[in-house]
Every structure is written in structure tokens, then in C-alpha cells.
Amino acid sequence: MNNLKVKTTFFCTNCGAESPKWIGKCSSCGEWNTYTEEVVEKKSQTQEKEKIWKSAKSEKIIPKKLDEVGTLNTSRINTRDNELNRVLGGGLVQGSIILVGGQPGIGKSTLLLQMALQISTRVLYVSGEESEEQIKMRANRIGNQNKECFVYTDINVHNILKEAVKLEPNVIIIDSIQTLVSPYIDSTPGSISQVKECTGDLQRFAKETNIPVFIIGHINKEGGIAGPKLLEHIVDVVLQFEGDQHYAYRILRTLKNRFGSTDEIGIYAMDVHGLKEISNPSELLISPDDDQLSGSAIAASVEGLRPLLIETQALVSPSIYGTPQRSATGFDLRRLSMLLAVLEKRCGLPFGQNDVFLNIAGGIKVTDPSIDLAVVAALISSLHDIHISKKVCFAGEVGLSGEIRPVSRVEQRIQEAARLGFELIFISGYKSEILSKKNFNIEVKMLSRIDDLLRDVFA
Ligand code: TYD
Ligand code: MG
């Protein structure tokens, strides 16, 4: 009788909190309507949950003096992928657990299979999504051959860990966490209780065997990693792979890193032979200045720790409908509205009667506020149909009263612009006396208000 009774619990899909009954508002993260019911009936008691791998240290854990605790063996494995090494903080830490998130089709499987084929150590690539033949096809496209790369297609986390114990790989890749199931839980793969349980097993395995584990995770509509936020708390490193599927560029961002900084990014381009590392992204993101068209301006932005020159393109045209349209790709729409309001109010420019479209070239998403000045320049350039030379670039944040505010790492931006052959850079004039004394290989002009931009660039 007892066996027929199905035990269910409600989980918050946002933060993973549990509740015995359905509630409208999650008491832990405050989100509404996020609770779903899941079957959690454990098939056996916890004591039956026998050890599926031989624990390296089976001794009892007791409180220790911090002085007596040895330091972590952080010798890092070189992944042979410079961009990946960089975002991991200088290589792969032994025993770490790394979550790689991203939209479907962005290239997560390609990135990690490519690493598995480049690295010179034994790797176990577990796929619950593709067959062995499909993985082989992908590997053939990528090319490099690591003789010690093993593939395994199973979704039972216990079988996977048993095989891992036998094979003794130095790196494990799980593609993806949403396909794994633990036999102790009855709910479907991808449900919160499964994702939680499987990640927990993988984490214990990684910590006890010191084998690093990469976990691929899908991203939900809102851009979060599908499954509870809790996943992000369990793992050591969270990497996000982003970009526009229709463009070749991909950015690998660190959202969390227990062993390094979160400022680093890796840049790749997807081609027919997999992902290529891009060490000089600026050169690829700027189109040549042959046509002398209006509506385009170049921003000297910084992504992570790297200076990156990006082209911003605007189209301003009289609106035929009552309400003017605003659209932005790669840039925050609310920020665009704010910049338009500033231009209208402080400079009297008639954007209110125009449709405005803004695009960041290369399908890149920019969050650096220093791009404001280039956006404003591109908007005015399109409105007045005046071309801005491609030898000129901009770095400044625009404030609500039309002031141009300083941005971080100005020197680095100026140097990168000079290195790429730019002749003039506009920056904020605020507190930049030190900069004006320095000698750069490029002309540096200071602006304090948007009016100065109108005077200096569009006069
Ligand atoms: P994939 O790694 O399957 O994405 P994810 O695991 O994030 O869902 O990559 C999907 C896309 O990458 C696919 O549409 C084809 C493209 N691709 C290439 O352009 N070149 C290649 O060499 C490979 C392997 C994939
Ligand atoms: Mg995939």
C-alpha cells in the first residue's frame, strides 16, 4: 500500500526553495507563480544510498584549527584553449565544478568537445543529448585528436560516476545537466529535484576524487540557467556563453569564479571547423570606412578586462505612425530612451518625431556604460546625415543632465585605439588633467557636455 503513495513536493523554479503545498509567492526569493509540483518519492531510504565511488578520504571529518589545514592543491590543468584558460583564471583547477550556461545552439557542446580534443590528458565526455556517432561527426569537423578522449552516452548519474571511477579520467564533461537522472528520484529529467540531486552527486564526486567536472546547463527564457538558482551556489565557477546565433562571435563570460576574477572574458568566432580563439577582436568588429555612410560611430569600450572597439549603428527616420518606434539590438532599450530624452531636452534635437533603431555590430551585447557617447554620436550623425570618420572613436558615459561622465580604464582604451590606428578619441573632460599631460600616439579631446560633442564633431 505504502509503495503506491506518491510523494510530491512543490519547488520554486526560480530559486529552488521547497514547500509542502503550493504557494503563490515564494517566501525565499519573492517571485510570483513560480511553484511547480514534482514527484520526489525516494525509492529507498538514505542509508541504502550506497557509496557509488570509493571515497578517497573515508576518515571522519572533525573540526580542525585553520592553521593545521593544508592549502588547496590549486595546480591548474592547461586546457590548451587560451580564452578558456583566461576565463577560468589561468587554467582548470583540480576538483572544481564548472557550470557552462548558454542558449541552445550557441556552441556549448562544441566548446567543450573542442577542449576535450585539444587537452593532453584523459577526458570523459558524457552526453545525454547526442549519440556517439553524432559526437564523432562533430569531432571530425573540429579536427584535433586527443587519443585519450572517451565518450559515454548515458543519463543515469550513478552509472556515469561508476564508469568514471573505472576509467579514471582527469576531466569530466557532462552534456547536459538537464538530461541526467538520479535513480533515487522519480521526477523527470530536467526537473528541479533531479537537477539538484545530480549536481550534488557530481559535486561530491569532484571534491572527493579531485577530478574537475564541467556541467553544461541550458538557459531559460529569462536568461537564467534553467533549474534552480541553487545550482549556481553549488558550483565553483559559472561561465556563460553568449552571442547571436546569426553572427559568428561568441563571448564566454565568468559570472562566478571561486578561483579567479570574474572580469575576464573569452572571445571566439564560430566557423565550419569549430570555435576559433580571437585575440584581436577589435579589428574584426569594425567595418572599413569606404562608403562614408552616416549613423555609425565607434566606441572604445572595455569588456571584462579587455579593451574592445565596437561599432554602433543608428538609423533615425521620420515616423509615419503616431507613436515613434524605438528598437535596440545589443543595447538596453531603456537606456536608449534615456539618451534620446537627454538629447531632446538638453540639445533640442527632434527625436520625438522620429523612429530610432540602434544596433551594436557583430551581435555583441554591451553593458559597459562608456558606449553611451558613441551611441549619442551615431544618433546625431544619422539625424543630421553627417558622416563620422572611422578614424575617430568615443568613450564616455552620458548623464541625465547631458554631462559626459568619466569611465574606468581610460588609459587602456586610449592605448588600444592608438594601437589600432585611430587618430582621435573623445573622452570625458572631468578630472582628466593627468591624462592631458600624457603623451599618447593619438589625439585625445575632452568633452564635458553633449553640446561640446555637437560643436566638435558636427559643426
Ligand atoms: P552546439 O555546440 O551544438 O550548441 P549547444 O550545445 O550550445 O546547443 O553548436 C551549435 C551550432 O554550432 C550549430 O548550429 C552548428 C554550429 N557549428 C559550426 O558552425 N561549426 C562547427 O564546427 C560546429 C561543430 C558547429
Ligand atoms: Mg549541445
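Calculation rules
- Residues numbered from 1 in each chain as written.
- Chains lettered and ligands numbered in written order.
- Predicted model: local features only at pLDDT ≥ 70, side-chain atom pairs only at ≥ 80, totals over all residues.
- Heavy atoms only, no water.
- Helix = DSSP H or I, 4+ residues; strand = E, 2+ residues; numbered from the N terminus.
- Buried < 20%, exposed > 50% of the residue type's maximum accessible area, 1.4 Å probe, protein only.
- Contact = heavy atoms within 4.5 Å.
- Areas by Shrake-Rupley, 256 points an atom, 1.4 Å probe, with all protein chains shown as cover.
- Lys, Arg positive; Asp, Glu negative; His and termini not counted.
- Charge placed at Lys NZ, Arg CZ, Asp CG, Glu CD.
- Pairing = 2+ DSSP bridges.
- Axes fitted to C-alpha atoms, helices over the stretch in contact; angles between N-to-C directions.
- Near = heavy atom within 4 Å.
- Polar contact = N/O pair within 3.5 Å; in protein donor to acceptor, adjacent residues only side chain to side chain.
- Nonpolar A, V, L, I, M, F, W, Y, C, P; charged D, E, K, R; others polar.
- Disulfide = S-S within 2.5 Å.
- Domains from an automatic or database assignment.
- Salt bridge = Lys/Arg side-chain N within 4 Å of Asp/Glu carboxyl O.

### Some words on the overall build of the protein
Scanning the protein from N- to C-terminus turns up 12 helices and 23 strands. For the C-alpha atoms alone, the extent of the protein along its principal axes is close to 80 × 50 × 50 Å. When the 459 residues of the protein are sorted by exposure, 50% land in the buried category. Contacts in the protein between residues at least 24 apart in sequence constitute 68% of all its contacts with a sequence separation of at least 6. Summed over all atoms, the accessible surface of the protein reaches about 22400 Å², with 50% contributed by carbon and sulfur. Here the protein contributes 53 positively and 56 negatively charged side chains, and the mean placements of these two sets differ by 5 Å.

### Examining the sheet that holds strand 23 (residues 443-447)
Taking strand neighbours across the sheet as the criterion, the 7 strands line up as 17-18-16-15-19-22-23 in an open arrangement whose pairing is mixed. Each edge of the sheet is formed by a strand with only one pairing partner; in this case those strands are strand 17 (326-329) and strand 23. Taking each pair of neighbouring strands and ignoring which way they run, the sheet shows an average axis angle of 25°. Here 4 bridges tie strand 17 to strand 18 (residues 354-360), and the two strands are oriented parallel to one another. When the sheet's bridge partners are listed, A328 is paired in strand 18 with L358. Sheet strands in contact with helix 9 (residues 372-384) are strand 15 (296-303), strand 16 (306-318), strand 18, strand 19 (392-395), strand 22 (424-428) and strand 23, and its direction is about 30° off that of strand 16.

### Re the site of ligand 1
Residues in close proximity to ligand 1 total 15 residues, the closest being G105, S109, T110, D271 and G274. Within the backbone of G107, a nitrogen or oxygen atom sits 3.0 Å from an oxygen atom of ligand 1. Burial of ligand 1 by the protein amounts to 75% of the accessible area it has alone, namely 560 Å². Secondary-structure elements contributing two or more residues to the shell around ligand 1 are helix 2 (108-118), helix 3 (132-142) and strand 13 (265-271). For the shell around ligand 1, the element with the highest residue contribution is helix 2, accounting for 3 residues. Considered class by class, the residues forming the shell around ligand 1 number 4 nonpolar, 7 polar and 4 charged.

### Focus: the environment of S191
Residue position: S191 is located in the loop between strand 9 (171-175) and helix 5 (192-209). Residue S191 is classed as buried on the basis of its relative accessible area of 8%. Counting along the chain gives 35 residues from S191 to N156, while the straight-line C-alpha distance between them is 14 Å. Engagement of the side chain of S191 in a polar contact is seen with the side chain of S187, the distance being 2.9 Å.

### With respect to the environment of D175
In this structure, D175 sits in strand 9. Residue classification places D175 among the buried positions, given a relative accessible area of 1%. Ignoring sequence-local partners within four residues, the contact set of D175 consists of S109, Y125, V126, S127, G128, E129, E130 and I216. A polar atom in the side chain of D175 sits 2.8 Å from the side chain of S109.

### Quick look at the state of the cysteines
Summed over all chains, the structure comprises 0 disulfides. We note that C26 lacks a disulfide partner, and the nearest cysteine sulfur, in C29, lies 3.7 Å from it. C26 gets classed as buried once you look at its relative accessible area, which sits at 2%.

### Regarding the environment of R141
Assignment of secondary structure puts R141 in helix 3. The exposure class assigned to R141 is exposed, which follows from its relative accessible area of 52%. Distance in space between the C-alpha atoms of R141 and G274 is 6.8 Å, their sequence separation being 133 residues. If sequence neighbours within four positions are ignored, R141 has contacts with V272 and H273.

### Some points on unusual backbone geometry
Geometrically, the link from D175 to S176 is a cis peptide bond, its omega value of 0° lying close to zero. Located in the positive-phi region is R409, a residue other than glycine, with phi close to 50°. The topology assignment puts R409 in the loop between strand 21 (404-405) and helix 10 (410-419).

### With respect to the domain arrangement of the protein
In terms of domains, the protein is made up of domain 1 (6-41), domain 2 (77-279) and domain 3 (283-457). Here domain 2 and domain 3 have C-alpha centroids that lie 37 Å from each other. Counting residues at the interface gives 15 residues for domain 2, matched by 12 residues for domain 3. Applying the counting rule to domain 2 against domain 3 returns 2 salt bridges. Counting across the domain 2 and domain 3 interface gives 3 residue pairs in polar contact (both at pLDDT 80 or more). Within the residue set of the side of domain 2 that touches domain 3, elements represented by two or more residues are helix 1 (82-87), strand 12 (249-257) and strand 13.

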